[in-house]
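Structural characterization, general
Below, each chain spelled out in residue letters.
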2 protein chains.
Amino acid sequence: MKLFDGGRAPNPRRVRVFLAEKGIEVPMVPVDMGALEHKAGEVASRNPLRRLPVLELDDGTIITESVAICRYFEELHPEPALFGRGALGRALVEMWQRRIEFNLFQPVAFAFRHIHPAMREWEVPQVPEWGEVNKPKAVEFLALLDKELASREFAAGDEFSIADITGLIAIDFMKPARIAVADELSNVLRWYRALAARPSAGA
Amino acid sequence: MKLFDGGRAPNPRRVRVFLAEKGIEVPMVPVDMGALEHKAGEVASRNPLRRLPVLELDDGTIITESVAICRYFEELHPEPALFGRGALGRALVEMWQRRIEFNLFQPVAFAFRHIHPAMREWEVPQVPEWGEVNKPKAVEFLALLDKELASREFAAGDEFSIADITGLIAIDFMKPARIAVADELSNVLRWYRALAARPSAGA
């Protein structure tokens, strides 16, 4: 198999961090997203949505969508479990992965893509008003998350999960999106620092 | 357990259709979303995001997010499998569930929520330009999906899955969002009619 990877972009990084946590090595095909290489050629022929990451299996089967690729590896290599354990554990990881994706990761991405001048060729058309509307959405969700993290170590419970990976990458993405984490969110900051200190964060 | 349900809104319906496909009956607590009852009271005290659906287990544990609630029932009642079978099957269902959610369900929801006058109290602030930008996104994805459905019965393969539920509800939601399915998308129309004819579609 091989993984078409997109470098610094958030979604490719979700898969790389996941693989690092699992201790799985997959041959990578680097794609220069800055040069929009994913909009044509070997990525576009494999993913009609022309996005990364893209996993190609040895028989040519294509899996796209970062979380779908992660789930494939979770099924093949169940330990450490990053999608939760048992019916309730798996439901709570799914819940927090989605809560963080829709209320933090995505608002941050909208703010970046619809406001940043470098995104003009990526997000067509940019709607700057939509970007601005999303900044307070991200800030409000972080306040909610801070209350949750007062009573547990990780987003979905006492074990690290894919919900934390989505959170780490969303918060890292706040810097180029020019949204600040408020100093008083001490639980979010403690959680973020612990995630950023894991070796996988460098993936 | 009990399920706080939101009537005609798309996300509550996703869970009801899923439960109907599984043949599972869960006691329902109807919530009048038209009267914004989910913004306070028994929903807000259970889900800080103040959204529906909300599943409460007998011990008081709360599960929110439609797909997380569905996954909980999938774990408890594996048959019929609606999240796929085997590592690859589960990955492909996740891939198509996400592709349909991010490229059809969500653009249709944005178009409805940011343009429709009845949504003024729900989506604050409405950004009509963002609503308009999303209409062609939904239309373009349907054209892509039409090519895919030329060679298979359901969104993620030869078996019905949660990806089809998300698709059915997204297409039903196109009517109030005022986006039309083009007549030439014969595979999408065949697929949609088959989904709409299943008894679960009435849930």
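Computed from a predicted model, the values in this text were never measured in an experiment.

1. So, the side chain of E56 of chain A
All names here are of chain A. With respect to the secondary-structure elements, E56 resides in strand β3 (residues 54–56). A polar atom in the side chain of E56 sits 2.3 Å from the side chain of R46. Apart from residues lying up to four places away in sequence, E56 is in contact with M1, K2, F4, R46, T61 and I62.

2. As for the pattern of salt bridges
Opposite charge on two side chains lets them pair, provided their charged atoms get close. All names here are of chain A. Tallied over the full model, the rule gives 34 salt bridges over all chains. In this structure, the salt-bridge partner of R113 is E123, at a minimum N-O distance of 2.7 Å. Of this pair, R113 sits in helix α4 (residues 86–115) while E123 sits in the loop between α4 and α5 (128–148), placing them 10 residues apart in sequence. Classification of E123 as buried rests on a relative accessible area of 10%.

3. Considering the pairing of strand β1 (residues 2–5) of chain B
Residues and elements named next belong to chain B. Judged from the 3 bridges that link them, β1 and strand β3 (residues 54–56) form a sheet pairing that is antiparallel. Note on β3: the bridge partner recorded for L3 is L55. Across 3 bridges, the pairing between β1 and strand β2 (residues 28–30) is parallel. Note that in β2 the partner of D5 across the bridge is P30.

4. Section: the interface of chain B and chain A
Each side of the interface is counted separately: chain B has 45 residues, and chain A has 45 residues. Area buried by chain B at its contact with chain A is led by R98, R99 and W130 of chain B, which between them contribute 15% of it. For the pair chain B and chain A, the interface holds 10 salt bridges. Close ionic contact of R98 of chain B with E101 of chain A constitutes a salt bridge, the shortest N to O distance being 2.8 Å. There are 15 residue pairs in polar contact (both at pLDDT 80 or more) connecting chain B and chain A.

5. Considerations on the packing of aromatic side chains
If you walk through the whole model with that rule in mind, you get 15 aromatic pairs over all chains. Ring centres of F110 of chain A and F110 of chain B lie 5.9 Å apart, and the angle between their planes is 75°; on these two criteria the pair is classed as edge-to-face. A residue pair is termed interchain when its members come from two chains, as with F110 of chain A in helix α4 and F110 of chain B in helix α4 (residues 86–115). Here a set of aromatic residues connected by ring pairs shows up, and it is made of F110 and W130 of chain A together with F110 and W130 of chain B. R198 of chain A extends its terminal NZ or CZ atom over the ring of F160 of chain A, reaching a point 3.8 Å from the ring centre.

6. A look at the relation of the copies chain B and chain A
Rotating chain B by 180° and translating it 0.0 Å along the rotation axis places it on chain A, where the RMSD comes to 0.0 Å. Taken together, these values place the two copies in the relation of a two-fold axis. No C-alpha of chain B approaches the rotation axis more nearly than that of W130 of chain B, which lies at 3.2 Å.

7. Topic: helix α6 (residues 162–174) of chain A
All names here are of chain A. Across its 13 residues, α6 extends 19 Å between first and last C-alpha, which sits within 8% of the 18 Å expected from 1.5 Å per residue. Burial analysis of α6 places 12 of its 13 residues in the buried class, which makes it a mostly covered element. For α6, the complete set of buried residues consists of I162, A163, D164, I165, T166, G167, L168, I169, A170, I171, F173 and M174. In this fold, the buried residues of α6 make contact with α1 (10–22), α3 (66–76), α4, α5 and α7 (186–197). For α6, the N-terminal cap is S161; the gap from its side-chain oxygen to the backbone nitrogen of A163 is 3.1 Å.

8. Quick word on the packing of α1 of chain A against α4 of chain A
Residues and elements named next belong to chain A. For the pair α1 and α4, the least separation of the axes is 14 Å and the interaxial angle reads 150°. Accordingly, the angle class assigned to the pair α1 and α4 is roughly antiparallel. As for how α1 packs across α4, the hand of that crossing is right-handed. Residues P10, N11 and R14 of α1 form the contact with α4, whose own contacting residues are Q97, E101 and F105.

9. Details of the confidence of the model for chain A
Taken as a whole, chain A shows an average pLDDT of 96; of its residues, 100% reach a score of 70 or greater. Predicted complex metrics record ipTM = 0.97 and pTM = 0.97.

10. Some thoughts on the sheet that holds β3 of chain A
Residues and elements named next belong to chain A. An order of β2-β1-β3-β4 is seen for the 4 strands of this open sheet, with the pairing classed as mixed. One side of each edge strand has no neighbouring strand; the edge strands of this open sheet are β2 (28–30) and β4 (62–64). Strand-to-strand twist across the sheet, computed as the mean angle between neighbouring axes with direction ignored, equals 20°. In this fold α3 packs onto β1 (2–5), β3 and β4, with an angle of close to 120° to the strand it touches most, β4.

What counts and what doesn't
- Residues numbered from 1 in each chain as written.
- Chains lettered and ligands numbered in written order.
- Predicted model: local features only at pLDDT ≥ 70, side-chain atom pairs only at ≥ 80, totals over all residues.
- Heavy atoms only, no water.
- Helix = DSSP H or I, 4+ residues; strand = E, 2+ residues; numbered from the N terminus.
- Polar contact = N/O pair within 3.5 Å; in protein donor to acceptor, adjacent residues only side chain to side chain.
- Contact = heavy atoms within 4.5 Å.
- Salt bridge = Lys/Arg side-chain N within 4 Å of Asp/Glu carboxyl O.
- Buried < 20%, exposed > 50% of the residue type's maximum accessible area, 1.4 Å probe, protein only.
- Pairing = 2+ DSSP bridges.
- Buried area = accessible area lost by both parts, 1.4 Å probe.
- Phe/Tyr/Trp six-rings, centres within 6.5 Å; stacked < 30°, edge-to-face > 60°.
- Lys NZ or Arg CZ within 6 Å of the ring centre and 35° of its normal.
- Least-squares fit on C-alpha atoms with pLDDT ≥ 70 in both.
- Expected span 1.5 Å × (residues − 1).
- Axes fitted to C-alpha atoms, helices over the stretch in contact; angles between N-to-C directions.
- Parallel < 35°, antiparallel > 145°, perpendicular 65-115°, else oblique.
- Left-handed = near helix turned anticlockwise from the far one by under 90°.
- pLDDT = per-residue confidence, 0-100.

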